[in-house]
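# Fold and contact review
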Amino acid sequence: MAVHDDLTAVQRCLDDLTRSVGRLEQQVGTGLDIRRVRTAADHLRDSVALLSESTAAEQPAPPRPDLVRIPDAPYDSSLWTDSDDEGLGVRDRHAP
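Please read all numbers here as calculations on a predicted model, not as lab measurements. (Residues numbered from 1 in each chain as written. Predicted model: local features only at pLDDT ≥ 70, side-chain atom pairs only at ≥ 80, totals over all residues. Heavy atoms only, no water.)

## Considerations on a nonpolar patch on the surface
- A grouping of Val68, Ile70, Tyr75, Leu79 and Trp80 is seen on the molecular surface, where their side chains present a nonpolar patch of about 620 Å² in accessible area.
- Within the secondary structure, Ile70 sits in the segment after α2 (32-58).
- Judged by its relative accessible area of 62%, Ile70 falls in the exposed class. (Patch = residues over 30% accessible without salt bridge, like charges linked within 9 Å, V, L, I, M, F, W, Y side chains within 5 Å. Areas by Shrake-Rupley, 256 points an atom, 1.4 Å probe, with all protein chains shown as cover. Salt bridge = Lys/Arg side-chain N within 4 Å of Asp/Glu carboxyl O. Helix = DSSP H or I, 4+ residues; strand = E, 2+ residues; numbered from the N terminus. Buried < 20%, exposed > 50% of the residue type's maximum accessible area, 1.4 Å probe, protein only.)

What follows is the structure in structure tokens.
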């Protein structure tokens with residue numbers, strides 16, 4: 001898996017965690033323990049966001065393919081000896 005895919009999976013898990021903490025908070029109330037859990041989840045979310053930004057900046061650009069120069073000079077005609085002429089057949093024959 002690529003780093004981007006792994007970070008996306010972590011963010012999805014954190015979204016699930018945040019929803020679960022919200023449901024738990026409704027059932028338990030807003031005590032000290034649940035606030036600590038919510039704060040920890042928020043810190044995780046912030047840390048993953050920072051990690052996403054830093055890895056996006058570090059990803060190298062894909063390498064550009066090497067350019068191939070094509071000369072303007074005509075090709076040597078001996079290269080084309082015994083070759084078909086664009087599907088028209090042998091040089092001495094003509095298309096119907």
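## A look at the pattern of salt bridges
- Tallied over the full model, the rule gives three salt bridges.
- Measuring nitrogen to oxygen at the nearest pair gives 2.3 Å for the salt bridge that ties Arg19 to Asp16. On the criterion of helical spacing, the pair formed by Arg19 and Asp16 is a turn pair, its members being three residues apart in helix α1 (residues 3-28).
- Among the residues examined, Asp16 registers a relative accessible area of 42% and is labelled partly exposed.
- Between Glu25 and Arg38 there is a salt bridge, and its shortest N-O distance comes to 2.8 Å. Of the two residues, Glu25 sits in helix α1 while Arg38 sits in helix α2, which places them 13 residues apart along the sequence.
- Classification of Glu25 by relative accessible area gives partly exposed; the value is 21%.
- Residue Arg38 is classed as partly exposed on the basis of its relative accessible area, which comes to 24%.

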